[in-house]
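# Descriptive analysis of the structure
Each chain, letter by letter, is given below.
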Amino acid sequence: MVCHFLQHRTALLFLLLTPACLAFIAPSSSLTKTTIPNARSSLITERTFSSHFSLAPAVKMVSGPEIEVVSQPDQAFLEKKGVFNWGTWGCDVSKFPWTYDSNESCYLLAGKVTVTPSDGRQPATFGKGDFVTFPAGMSCTWDVSEAVQKHFNFF
């Protein structure tokens, strides 16, 4: 069986395998040549030209709104949101997974955090004095580099 693959404009991958056809596409900035032994023939040559293809797992597409950070909002902003009537929560330096079942807004009283969503959205780093809103449905990893104390509100 002969398999022909036309890849991205000019790249051509040609493999001859019997009885099955297997294509292994790997990143390459120039022509690569790999020799694969075969029971029917002594050698099979695989050539790839493109750096546009990979066997690496695909990154999930962004599936919702980004984390919103308001850096150092003024007192009027915080009072309008009712931040000082919200509950408080804190944690020491740590790293842990989290999933938001609903939206959350929080105001950091102390600490520094990087939150990295697991679905391709942009990570956010924030700290003392920042106001942050996390979207419902987002799974992420919290990386707390300085102990955190915050006001929070789920909505």
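Residues numbered from 1 in each chain as written. Predicted model: local features only at pLDDT ≥ 70, side-chain atom pairs only at ≥ 80, totals over all residues. Heavy atoms only, no water.

A tally of regular secondary structure across the protein gives 1 helix and 11 strands. Put simply, the protein runs from its N terminus to its C terminus through helices and strands in the order β-β-β-β-β-α-β-β-β-β-β-β. For the protein, the share of sequence-separated contacts (at least 6 apart) that also reach a separation of at least 24 residues comes to 65%. Surface accessibility of the protein: about 9,800 Å² in total, with carbon and sulfur atoms responsible for 57%. (Helix = DSSP H or I, 4+ residues; strand = E, 2+ residues; numbered from the N terminus. Contact = heavy atoms within 4.5 Å. Areas by Shrake-Rupley, 256 points an atom, 1.4 Å probe, with all protein chains shown as cover.)

Turning to the nonpolar core, a few remarks are in order. In terms of nonpolar packing, the biggest core is built from 17 residues, with V113, V115, F126, F134 and W142 touching the most fellow members. Every element with two or more residues in this core is listed here: β8 (104–117), β9 (124–127), β10 (131–134) and β11 (139–154). F134 has contacts with I67, Y100, S102, N103, E104, C106, V115, F126 and W142, leaving out every residue within four places of it along the chain. Of all hydrophobic cores here, the second largest spans 5 residues; its members include L78, V83, W86 and F131. (Core = buried A, V, L, I, M, F, W, Y, C linked by side-chain atoms within 4.5 Å. Buried < 20%, exposed > 50% of the residue type's maximum accessible area, 1.4 Å probe, protein only.)

Turning next to the pattern of salt bridges. The final tally for this structure, using the stated rule, is 2 salt bridges. Linking E104 and K150 is a salt bridge whose minimum nitrogen-to-oxygen distance equals 2.7 Å. In this pair, E104 is assigned in strand β8 and K150 in strand β11, connecting sequence segments 46 residues apart. You'll find E104 and K150 in the same group, each marked buried. A salt bridge links R121 to D119, with the shortest nitrogen-to-oxygen separation between them at 2.8 Å. (Salt bridge = Lys/Arg side-chain N within 4 Å of Asp/Glu carboxyl O.)

Summary statistics for the protein give a mean pLDDT of 75 and a share of 60% for residues scoring 70 or more. Predicted confidence for residues 1–56 stays below pLDDT 50, and this span has 89 contacts to residues more than four positions away or in other chains. (pLDDT = per-residue confidence, 0-100.)

Turning our eyes to something else, we now look at the environment of H151. Tracing the backbone shows H151 in strand β11. Considering only alpha carbons, one finds H151 and L108, 43 residues apart in sequence, at a separation of 6.6 Å. When sequence neighbours within four positions are dropped, the list of residues in contact with H151 reads V83, F84, W86, G87, T88, S105, C106, Y107 and L109. Within the structure, the side chain of H151 is placed 3.3 Å from the backbone oxygen of W86, a separation counted as a polar contact. (Polar contact = N/O pair within 3.5 Å; in protein donor to acceptor, adjacent residues only side chain to side chain.)

Our next topic: the pairing of β10. The two faces of β10 match: F131 and T133 on one face and V132 and F134 on the other face are all buried. As defined by bridge partners, strand β5 (residues 68–70) adjoins β10 across 3 bridges and the pair is classed as antiparallel. The residue of β10 that forms the bridge with V69 is V132. In the sheet, β8 pairs with β10 via 4 bridges, with the strands oriented antiparallel. Along β10, the bridge assignment pairs C106 with V132. (Pairing = 2+ DSSP bridges.)

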